[in-house]
Amino acid sequence: MVNKMRLGSFMDDFEIAAVYAREIIDSRAKPTVEVDVITVGGGFGRAAVPAGASRGENEAVEVRDGGSRFKGFGVKKAVENVNTSIADEIVGMDSRFQREIDLKLIELDGTPNKSKLGANAILGVSLAVAKAAADTYGMPLFQYLGGFNAHVLPVPLMNVINGGKHAGNELSIQEFMIIPVGASTFKEAIQMACEVYYELKATLKEKYGVSAVNIGDEGGFAPPMKETREALNSLIDAIKKAGYTENDIVLGLDAAASSFYNKNKKLYWIDGRELNVDQLHEYYLKLVDEYPIKSIEDPFFEEDFDAFAEITKELKNRVQIVGDDLFVTNINRLKKGIEMGAANALLLKVNQIGTLTEACDAALLAFRNGYRVIVSHRSGETEDVTIADLAVALNTGQIKTGAPARGERTAKYNQLIRIEEFLGANAKYAGKLGVF
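Note that the structure is predicted; figures quoted are calculated from it, not measured.

Q: Mind showing me how you'd approach the nonpolar core here?
A: Most often, soluble globular proteins keep nonpolar side chains buried together rather than apart. By size, the foremost hydrophobic cluster in this structure holds 138 residues, and its most contacted members are I90, I178, Y284 and L348. Setting aside residues no more than four positions away along its own chain, I90 makes contact with I16, V19, I101, K104, L105, V125 and V129.

Take a look at the structure:
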């Protein structure tokens, strides 16, 4: 017979006993929210919230303080919202009931974009609750979220050359990525990427001077380049010098095209010239023919679903077309994209939508409709490694979390190395199947 007294005590262990938020700083020296959740059973969860530099117009809204303190970027209001309004509502709830808690947070905010309490406040609580529940069980977060089937280590999409809003050069394309698909393990993939990173640094320093190896927000280099092909040629050269081929390492682009789109002219500025949507479409096709590009993120303005659909139709068997600003991890925008055939992959950023539940719902909708999912960081990051666990929990097969440099980026990669070690023989590196 079940010991009802012991069972009752076990159930009580998961009750949320305390919620506390504080203001910390992220990797761009801007304040952000960190939340601690403690359960009756002593489980502890801590989550820190990232922030983007290149944001989609339809993202959930952060609450910032304004005024002169931190030049207006302070988050004392969001912290107070956690410590008062949110804590009052969720203390006493069962930390395992993630969906119920997240829906309570959404209801408490009452706005369509979480602008009352702040997506930064809500997300910090949402993630910390999941971590506290996992800790109460004594389980790794990836296993708590994904169960026994969580075993796929993602291919890293590493941003090693920065442009656009992530750098101070003239490159319109925001990110140039290396993707080590030919590795047999995640640990080997990191080794391959690091070796290419070394060669790239040496090549850029020799060609452009010492300032070329200064790094941008996501750990990639920000050389004084002007044209896309300059960056791509440098990557190809570094890959060869490191002893690899395009069978080992392929390339990816995050165009972030909204950042170089002129809404009034309806033209894109790239490589020193203006292109209309059809010309930009042809531009991408030529790049794909010339280079081993297997992923293009946000190739067009974030509201141009038709342009996304056209390029997806043309390249679907060769390249994954990723929606970031297009979808902003929003299930309604993703549904529209699916109906139109716009993109074939979702970039999953939990802070774009504001709760773990909504992010997971978006991922599951993508999977059900044949879309790939790439779990992603933001340019303003923290040492929090939640997205590493989430990528394995959902078996996404891909993660995007910057270059193999800067502690807030390497923290995620090192967590994945630990998870692979924990899984042992059960671990499977996604490799080529993760991307194409």
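Now, onward.
Q: What exactly am I supposed to notice about the sheet that holds strand β11 (residues 273-275) here?
A: Hydrogen bonds between backbone groups are what pair the strands of a sheet, and the pairing can be parallel or antiparallel. Pairing is antiparallel in the open sheet, where three strands are placed in the order β9-β10-β11. Each having just a single partner strand, β9 (261-262) and β11 make up the two edges of the open sheet. Strand direction decides the pairing type here: β9 and strand β10 (residues 267-270), joined by two bridges, are antiparallel. Among the inter-strand pairings, N262 is bridged to a residue of β10, identified as L267. Lying on the sheet, helix α8 (residues 277-290) is in contact with β10 and β11; it crosses β11 at an angle near 105°.

Q: For this particular structure, what's the right way to read the packing of helix α9 (residues 305-315) against helix α10 (residues 331-340)?
A: The packing of two helices is summarised by the inter-axis angle and the distance between the axes. Put simply, α9 and α10 touch, their axes get as near as 10 Å, and they point 50° apart. The angle between α9 and α10 falls in the class oblique. Here the hand of the crossing between α9 and α10 comes out right-handed. Within the contact between the two elements, α9 uses F305, D306 and A309 and α10 uses R333, K336, G337 and M340. A class-by-class count of the residues in the contact of α9 with α10 yields three nonpolar, one polar and three charged.

Q: For this particular structure, what's the right way to read the pairing of strand β1 (residues 16-25)?
A: If a strand is regular, its side chains alternate between the two faces of the sheet. Bridge count for β1 against strand β2 (residues 31-39) is nine bridges, and the pairing is antiparallel. The residue bridging Y20 from the neighbouring strand is D36, located in β2. Where β1 hands over to β2, the hairpin turn is made up of five residues, of which A29 adopts a positive phi near 65°.

Q: Help me understand the environment of L365 in this model?
A: Position of L365 relative to the elements: it lies in helix α12 (residues 356-368). Between the C-alpha atoms of L365 and L334, which are 31 residues apart in sequence, the distance is 8.2 Å. Beyond its immediate sequence surroundings of up to four residues, L365 is in contact with I331, L334, K335 and I338.

Q: Explain a nonpolar patch on the surface to me, please; I cannot follow it from the model alone.
A: A cluster of nonpolar side chains, contributed by I25, F70 and F73, occupies part of the molecular surface with about 270 Å² of accessible area. Note on placement: F73 falls in the loop between β3 (44-48) and α2 (76-90). A relative accessible area of 33% places F73 in the partly exposed class.

Q: Can you walk me through the pattern of salt bridges in this structure?
A: When the charged atoms of two side chains lie near each other, side chains of opposite charge can form a pair. Here the structure, examined in full by the defined rule, presents 25 salt bridges. A salt bridge links K349 to D324; the nearest nitrogen and oxygen atoms lie 2.8 Å apart. With K349 in the loop between β14 (345-348) and α11 (350-353) and D324 in the loop between β13 (320-323) and α10, this residue pair connects regions lying 25 residues apart in the sequence. Judged by relative accessible area, K349 falls into the buried class, the value being 7%. D324 sits in the buried class, given a relative accessible area of 4%. Connected through salt bridges with shared partners, the residues R22, E34, D36 and R46 form a single ionic network.

Q: When you look at the side chain of N344 in this model, what are you seeing that I'm missing?
A: Among the secondary structure elements, N344 is positioned in the loop between α10 and β14. Filtering out sequence-adjacent residues up to four positions away, N344 remains in contact with T312, K316, V319, Q320, I321, G370, Y371 and R372.

Q: How should I be thinking about the sheet that holds strand β8 (residues 250-254) in this particular structure?
A: With mixed pairing, the nine strands of this open sheet are ordered in space as β5-β16-β15-β14-β13-β12-β8-β7-β6. Each having just a single partner strand, β5 (155-156) and β6 (158-162) make up the two edges of the open sheet. Note: β6 against strand β7 (residues 175-179), four bridges, orientation antiparallel. Looking at β7, one finds that M158 is bridged to I178.

Procedures and definitions
Residues numbered from 1 in each chain as written. Predicted model: local features only at pLDDT ≥ 70, side-chain atom pairs only at ≥ 80, totals over all residues. Heavy atoms only, no water. Core = buried A, V, L, I, M, F, W, Y, C linked by side-chain atoms within 4.5 Å. Buried < 20%, exposed > 50% of the residue type's maximum accessible area, 1.4 Å probe, protein only. Contact = heavy atoms within 4.5 Å. Pairing = 2+ DSSP bridges. Helix = DSSP H or I, 4+ residues; strand = E, 2+ residues; numbered from the N terminus. Axes fitted to C-alpha atoms, helices over the stretch in contact; angles between N-to-C directions. Parallel < 35°, antiparallel > 145°, perpendicular 65-115°, else oblique. Left-handed = near helix turned anticlockwise from the far one by under 90°. Nonpolar A, V, L, I, M, F, W, Y, C, P; charged D, E, K, R; others polar. Patch = residues over 30% accessible without salt bridge, like charges linked within 9 Å, V, L, I, M, F, W, Y side chains within 5 Å. Areas by Shrake-Rupley, 256 points an atom, 1.4 Å probe, with all protein chains shown as cover. Salt bridge = Lys/Arg side-chain N within 4 Å of Asp/Glu carboxyl O.

Everything listed here is a matter of geometry and, on its own, says nothing about what the molecule does.
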